[in-house]
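This is what each chain is made of:
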Amino acid sequence: MLDTAPETQEPTAFDRGNIAILALVSVVQLMVIIDASIVNVALPTIKTALHFSQVDLQWIINAYTLIFAGFLLLGGRAADLLGRRSVLMAGLALFTGASLACGLSQSSIVLEVARGIQGLGGAIISPAALSILLVTFAEGAARNRALAVWGAVAGGGSAVGVILGGLLTQGPGWRWIFFVNVPIGILAVLAAPRILPESHGEDRSRSYDLPGAVTVTLALVLLVDAMVGTTTYGWGAARTIGELIGAALLLGIFVAIEGRFAAHPLVPLRIFRSRTLTGANVVALLLGLALFAVFYFLSLYMQQVLGFSPLQTGFGYLPITMGFIVVAGVASSLVGRIGAKWLLVIGMLVTAAAFLLLARLPDHGSYALDILPAFIVLPLGAGLAFLSVTNAAVAGVEPRDAGLASALLNTSQQTGGAVGLGLLATIAASRTNGVLAGNPQAGLAHALVAGFHLAFLVAGGIAAAAALVALLTISRTVGRVAPIRRPVPPTPRLPEARPVTARPAPRANALAAC
């Protein structure tokens, strides 16, 4: 694997087939990203309709997150071995069927199980879709443009999910937040054989490294479950500590299996020889840790503090979505000129600045004066960060490792999001409880805002740390496209003038001259 780019890169034009491939994989990825956030606005309605307890309600989110994060690496390996198109279609069928089951659920347990199956479908879809994009577009200008679209989907999908969730919950009802996936999934499954060529990794051994797959999946499930459970049980609970220790032990066993015992490892450790890839995954982990919980806190702020309805809350995120679209339109040319490294550093610093703006939200705030400025700044930074970190995480990856690199990036982001939600929600809740205990007359709104402030400050520090990691690890050449050196046509040479020599005068003229 290389961290360097060629000196010159010919731009690859987007032909009609490549545009169709990009459109299809972006749509299915958007469907997966939206489903992680579309449920948030509908939770109070679902709680009443299916008689959820307050403790069990969080499992509508956690069941999806746990399975999704836990099976991403296995999904990426399956895509490389069995064929990326085939695995994508299988994941779409599973995701679509589970979405239908979610919408038809008549009890809490059925909805939780169906959400877990949805997460498994998403874990199969996501790495397969990104690896198809990587093998379709070669490194350079064409891949930069494709990854700009992918970055907009990854960054703006959560905001789109909140908007769509508000519209559907107050419109046809909460069940339609799941039903909306069904026609999209069916159309995508039917279109895939017509649009997507089949591709495989070079390793056709069909070995799945079962011990490695089991240990890393259990480790990720334990880690994410420990994080999301801290809001209920706390960090000092025996359950939380036990799960964290178990996750650490399983990850250690997984590294030993991959490095010494597996003939065809699920995650060959050689891939981490690239400092850029390793650093990009660390940044992706920190980005997910800092950013994904922000939508959760802002939804609570707008609904519980400002009194917004679900529909108003959804439309409140519209500037973020529009901002990601604008950034996607200009970022691909920027990364080609200055490289992914500096865009990633700048993006994380701007994201940190947006968190600092959010840390100043007042108890009785105004959307236009207090929220909107941060909603304008946040997508500018996060949009650059998502594009750049994706570019760096797949830079120089060989085609045989496309699924693996895609799965590693998705795993880093999703694990970071789950860990961040647990960590920042615990920090915010602790601060809120402390304010209420110290001054009961302060009111719940004031205590909630105080907790949000501390969570946003911590998120800003995490974003600044991610900028430092990017500065120290990402190669300067990643994503850069050297200008085309076109040959200068030679200047036409004029025929050389021949010297004029005087002819000797005829003899008669000479005599006459005498």
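To be clear, the structure that these remarks concern was listed above.
1. Quick look at the overall build of the protein
Assigned secondary structure in the protein consists of 20 helices and zero strands. When each of the 514 residues of the protein is scored for burial, the buried share is 53%. Sequence separation of 24 or more characterises 85% of the internal contacts of the protein that already satisfy a separation of 6 or more. Split by element, the accessible area of the protein, about 22200 Å² in all, is 67% carbon and sulfur.

2. A look at the side chain of Thr 313
Here Thr 313 lies in helix α14 (residues 310-316). Residue class for Thr 313 comes out buried when judged on its relative accessible area of 0%. If near-sequence neighbours (up to four positions away) are discounted, Thr 313 is found in contact with Val 162, Ser 299, Met 302, Gln 303 and Phe 308.

3. Some points on the pattern of salt bridges
All chains considered together, the criterion is met by two salt bridges. Between Arg 239 and Asp 225 there is a salt bridge, and its shortest N-O distance comes to 3.2 Å. Placement of Arg 239 in helix α12 (residues 238-261) and of Asp 225 in helix α11 (residues 210-233) is noted, with a sequence separation of 14 residues between them. Looking at Asp 225, the relative accessible area reads 9%, which means it is buried.

4. Digging into the nonpolar core
Counting residues in hydrophobic clusters, the biggest one holds 121 residues, and the most contacted among them are Leu 88, Leu 133, Phe 297, Tyr 317, Phe 355 and Phe 456. Looking at which element gives the most residues to this core, the answer is helix α13 (residues 275-305), with 17 residues. Beyond its immediate sequence surroundings of up to four residues, Leu 88 is in contact with Val 28, Ile 125, Ala 128, Ala 129, Ile 132 and Leu 196. Counting residues in hydrophobic clusters, the runner-up holds 18 residues, among them Ala 42, Cys 102, Leu 111 and Leu 168.

5. Let's talk about the packing of helix α16 (residues 340-358) against helix α19 (residues 444-473)
Two numbers describe how α16 lies on α19: the axes approach to 8 Å, and their chain directions differ by 170 degrees. Relative to α19, α16 is oriented roughly antiparallel. Only His 453, Phe 456, Leu 457, Ala 459, Gly 460, Ala 463, Ala 464, Ala 466, Ala 467, Ala 470 and Leu 471 of α19 make contact with α16, whose side of the interface consists of Lys 341, Trp 342, Leu 344, Val 345, Met 348, Leu 349, Ala 352, Phe 355, Leu 356 and Leu 358. Along the lines of polarity and charge, the residues of the contact of α16 with α19 split into 18 nonpolar, two polar and one charged.

6. Overview of the packing of helix α4 (residues 59-70) against helix α7 (residues 108-136)
For any two helices packed against each other, the geometry is given by the interaxial angle and the distance between the axes. Following both chains from N to C, one finds α4 and α7 inclined at 35 degrees, their axes separated by 7 Å at the closest point. Two packed elements cross with a definite hand, and for α4 against α7 that hand is right-handed. In this structure, α4 uses Trp 59, Ile 60, Ile 61, Ala 63, Tyr 64, Ile 67 and Phe 68 to contact α7, whose residues at the interface are Leu 111, Glu 112, Arg 115, Gly 116, Gln 118, Gly 119, Leu 120, Gly 122, Ala 123 and Ser 126. A class-by-class count of the residues in the contact of α4 with α7 yields ten nonpolar, five polar and two charged.

The rules behind the values
- Residues numbered from 1 in each chain as written.
- Predicted model: local features only at pLDDT ≥ 70, side-chain atom pairs only at ≥ 80, totals over all residues.
- Heavy atoms only, no water.
- Helix = DSSP H or I, 4+ residues; strand = E, 2+ residues; numbered from the N terminus.
- Buried < 20%, exposed > 50% of the residue type's maximum accessible area, 1.4 Å probe, protein only.
- Contact = heavy atoms within 4.5 Å.
- Areas by Shrake-Rupley, 256 points an atom, 1.4 Å probe, with all protein chains shown as cover.
- Salt bridge = Lys/Arg side-chain N within 4 Å of Asp/Glu carboxyl O.
- Core = buried A, V, L, I, M, F, W, Y, C linked by side-chain atoms within 4.5 Å.
- Axes fitted to C-alpha atoms, helices over the stretch in contact; angles between N-to-C directions.
- Parallel < 35°, antiparallel > 145°, perpendicular 65-115°, else oblique.
- Nonpolar A, V, L, I, M, F, W, Y, C, P; charged D, E, K, R; others polar.
- Left-handed = near helix turned anticlockwise from the far one by under 90°.

Any functional reading would require information that these geometric values do not contain.
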